[in-house]
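Here is what each chain is made of, one letter per residue.
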There are 2 protein chains.
Amino acid sequence: MSDGHERAADGDRPTERRLIELIRRAAPAAPGVRVGIGDDCAVLEPSPGGALLATTDLLLEDVHFRRRYASPDDIGWKALAVNLSDVAAMGGRPRWALVALAVPETVVAADVEAFFAGALALAAEHGVAIVGGDTSASPGGWIVNVTVLGEAVHAPLLRSTARPGDVVAVTGALGRAAAGLALLERGEAPAGLTAAARADAAAAHLRPRPRVAEGRWLAAAGGVTAMIDLSDGLATDLAHVAEESRGGARVELTRVPVGASARAVAAALGRDPVAWATSGGEDYELLLTCEPGAFARLAAGLAAATGTLLTAVGEMTPAGPGVRFVDAAGRAVPVGPGFEHFVTERARG
Amino acid sequence: MSDGHERAADGDRPTERRLIELIRRAAPAAPGVRVGIGDDCAVLEPSPGGALLATTDLLLEDVHFRRRYASPDDIGWKALAVNLSDVAAMGGRPRWALVALAVPETVVAADVEAFFAGALALAAEHGVAIVGGDTSASPGGWIVNVTVLGEAVHAPLLRSTARPGDVVAVTGALGRAAAGLALLERGEAPAGLTAAARADAAAAHLRPRPRVAEGRWLAAAGGVTAMIDLSDGLATDLAHVAEESRGGARVELTRVPVGASARAVAAALGRDPVAWATSGGEDYELLLTCEPGAFARLAAGLAAATGTLLTAVGEMTPAGPGVRFVDAAGRAVPVGPGFEHFVTERARG
């Protein structure tokens, strides 16, 4: 932890030192960490000759999460998860994280410790060491920044290398996180929704599981031409791939895998689960393009290796109209833009 | 840039794409950058076999800077500078930066571009490439997080390796940043202060110059036993070294180099420049310990190589009373704690 922004310590406020000890205890003797938290910089030992992956995300209270229903450990988990998802999208191996947190003066030590416990729980699942950070007082709400460093075991999978004719595919099922967000924003549970569907959707929003093992397997398998993680939603993220690859894409709406919990929540709330799946965002599944002849092998291999489904939803096209969604008869279907955050939503009124 | 928190674009708001283009243009074909901004992660090529240095700092409006007198380019400069200073304190070579920025919806594109221009100007001075980041809307003030990655050319200089009897020394002159902060907080310039002194002090606070070349030279020179950068102030940062090294320290107050502009500002405002030098913080000079026999060689060599003065101010002692400040007769002098930020100051009333 940098000490530049240390807070005054007192009885029930977390001192930087206490946090350092908490994290040191939780991550003893991590491989590749010569010096962890507590000096000016972490000193890390990357694997010789490998490429390094680096990504950072800033998450803000009432923009990216709400304290009303996101617990401190949920926030710590998710702040790390969204960065691990970026490493997964390159097919890389996440190794180290730096975590910066600013909280209002009124926040008690237990909440700050719970935040780090949430991040550490996910870090441990992926063999990631928290090697640095920063703590500060916030004049507003909670502010979290996480940087993750990873290593490219295989050639990193980019967004810019999809080709016309490639199959477009996604892991898992979509719309769960948007369903969870709708539920949590509503507060009261709707009638007729099972506890299991509610829990699945809420967890998808609060504690996403980045597809790290899937990303690594896909990068090793060969035949994948481009990959990105689904943070903004299928419509927006596929548009990024298309634009960076200077092509277009066509998605058959009926082939988009919609999560069972998303369907259940949508039914209970009178909403459209397919819109959540295409435009809800924050599912943190992987979106990839692959050679048409490779898809069946990739889907079977990924399911065997990780238990995760891979579903073909469309194909890349020559440059032209961007991303088009079509129905089973090939007719264009309008699909809204991807997930935007609370501030923007408020600004729109 | 991650697109997870992209804002809606319109006429005079900066789009993520425009920022990406701005930064891509400013940093073409940086060495060691296989993929820069625009994908899920940056893909970097560290020097084979070297240790990697990583540090992160979160800077918040009205905690670490004020928009009233810090321009957007000042903020960008300083957010990078404080991280470069951490790499300098290890004796490392900074290489890559990830920059996350959240600004209120009312901020215009030109201000965001000026922020990045400030960071890019300092990055260019140090051969650092901005390889990733994140932009977001902030529901409060400006929020900046910068992560810097560097490489250890020599064995990194830690805080924990000072030994009793080692000389304690600092680069440059202290108290300038605290003097600048006092001036800027006051607003109106005091009578009798030269424009040059005012400019020097203000620049020390707004656009600190991290001692990167000095840190690298010192790490290569041999004889330095520990190093840290002066972010919290001499009293606090030396206490970190003493504590991590399980020792104490003794500083002769009359030997502490006080900046000329700090003396001038203090005289004009009726303040104590020595208190600024010991406890003001944010000077981003280097504090080191060295073998007593090495000091003269280090001071002469550093001045010859970089033009920067190295001043011995005291010595490390066996574990005991922490850091003691003494006058020329050896009598203990009370010295306050280091720099604390606006929020804490407000909370204290």
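Residues numbered from 1 in each chain as written. Chains lettered and ligands numbered in written order. Predicted model: local features only at pLDDT ≥ 70, side-chain atom pairs only at ≥ 80, totals over all residues. Heavy atoms only, no water.

1. Topic: the overall build of chain A
Turning to step 1, where the next piece is worked out: Per the secondary structure count, chain A includes 11 helices and 12 strands.
Turning to step 2, where the next piece is worked out: Of the contacts made within chain A by residues no fewer than 6 positions apart, 85% connect residues no fewer than 24 positions apart.
Turning to step 3, where the next piece is worked out: Entry remark: accessible area of chain A is about 11,900 Å², with carbon and sulfur atoms responsible for 53%. (Helix = DSSP H or I, 4+ residues; strand = E, 2+ residues; numbered from the N terminus. Contact = heavy atoms within 4.5 Å. Areas by Shrake-Rupley, 256 points an atom, 1.4 Å probe, with all protein chains shown as cover.)

2. Observations regarding helix α6 (residues 212-221) of chain B
All names here are of chain B.
Turning to step 1, where the next piece is worked out: Listed as buried for α6 are V212, E214, G215, L218 and A219. Viewed along the axis of α6, the buried residues span an arc of 160°, placing them on a single side of the element.
Turning to step 2, where the next piece is worked out: Contact partners of the buried residues in α6: α2 (72-89), β4 (93-103), β8 (224-229), β10 (286-290) and α10 (295-306).
Turning to step 3, where the next piece is worked out: Of the residues trailing α6, G222 is marked for its positive phi of about 80°. (Buried < 20%, exposed > 50% of the residue type's maximum accessible area, 1.4 Å probe, protein only. Arc of directions from axis to C-beta.)

3. Regarding the pairing of β10(B)
Residue and element names in this part refer to chain B.
Turning to step 1, where the next piece is worked out: A large share of β10 lies buried, amounting to 5 of its 5 residues.
Turning to step 2, where the next piece is worked out: The alternating pattern of β10 places L286, L288 and C290 on one face and L287 and T289 on the opposite face, and all of these are buried.
Turning to step 3, where the next piece is worked out: As paired strands, strand β7 (residues 167-171) and β10 are joined by 4 bridges and run antiparallel to one another. Paired with V170 across the bridge in β10 is L287.
Turning to step 4, where the next piece is worked out: Relative to β10, β8 runs antiparallel, the two sharing 5 bridges. Opposite M227, over in β10, you have L288 as the bridge partner. (Pairing = 2+ DSSP bridges.)

4. Here's the deal with the packing of aromatic side chains
Residues and elements named next belong to chain B.
Turning to step 1, where the next piece is worked out: As enumerated under the stated definition, the model contains 4 aromatic pairs over all chains in all.
Turning to step 2, where the next piece is worked out: Taking 5.1 Å as the distance between ring centres and 90° as the angle between the ring planes, the aromatic pair formed by F115 and F116 counts as edge-to-face.
Turning to step 3, where the next piece is worked out: The class of F115 is buried, set by a relative accessible area of 0%. (Phe/Tyr/Trp six-rings, centres within 6.5 Å; stacked < 30°, edge-to-face > 60°.)

5. Overview of the relation of the copies chain A and chain B
Turning to step 1, where the next piece is worked out: In the superposition of chain A on chain B (RMSD 0.0 Å, axial shift 0.0 Å), the rotation amounts to 180°. Taken together, these values place the two copies in the relation of a two-fold axis. Minimal C-alpha separation from the rotation axis in chain A is found for A:P48, amounting to 2.7 Å.
Turning to step 2, where the next piece is worked out: Most of the interface of chain A is mirrored in chain B, where 100% of its interface residues again form contacts. (Least-squares fit on C-alpha atoms with pLDDT ≥ 70 in both.)

6. Re helix α5 (residues 195-206) of chain A
Residue and element names in this part refer to chain A.
Turning to step 1, where the next piece is worked out: Its 12 residues give α5 an end-to-end C-alpha distance of 16 Å, which sits within 8% of 16 Å, the value for a rise of 1.5 Å per residue.
Turning to step 2, where the next piece is worked out: Buried within α5 are the following residues: A197, A201, A202, A204, H205 and L206.
Turning to step 3, where the next piece is worked out: Check the buried side of α5 and you find it contacts α2 (72-89), α4 (176-186) and α8 (260-269). (Expected span 1.5 Å × (residues − 1).)

7. Concerning the interface of chain A and chain B
Turning to step 1, where the next piece is worked out: Listed per partner, the contact involves 69 residues of chain A and 70 residues of chain B.
Turning to step 2, where the next piece is worked out: Of the roughly 5,600 Å² buried where chain A meets chain B, counting both sides, 55% is carbon and sulfur surface.
Turning to step 3, where the next piece is worked out: Along the contact surface separating chain A from chain B lie 4 salt bridges.
Turning to step 4, where the next piece is worked out: Close ionic contact of A:R159 with B:D40 constitutes a salt bridge, the shortest N to O distance being 3.1 Å.
Turning to step 5, where the next piece is worked out: Counting the contacts that link chain A with chain B gives 15 residue pairs in polar contact (both at pLDDT 80 or more).
Turning to step 6, where the next piece is worked out: If you tally residues by element for the side of chain A that touches chain B, the top one is strand β3 (residues 51-60) of chain A, at 10 residues. (Buried area = accessible area lost by both parts, 1.4 Å probe. Salt bridge = Lys/Arg side-chain N within 4 Å of Asp/Glu carboxyl O. Polar contact = N/O pair within 3.5 Å; in protein donor to acceptor, adjacent residues only side chain to side chain.)

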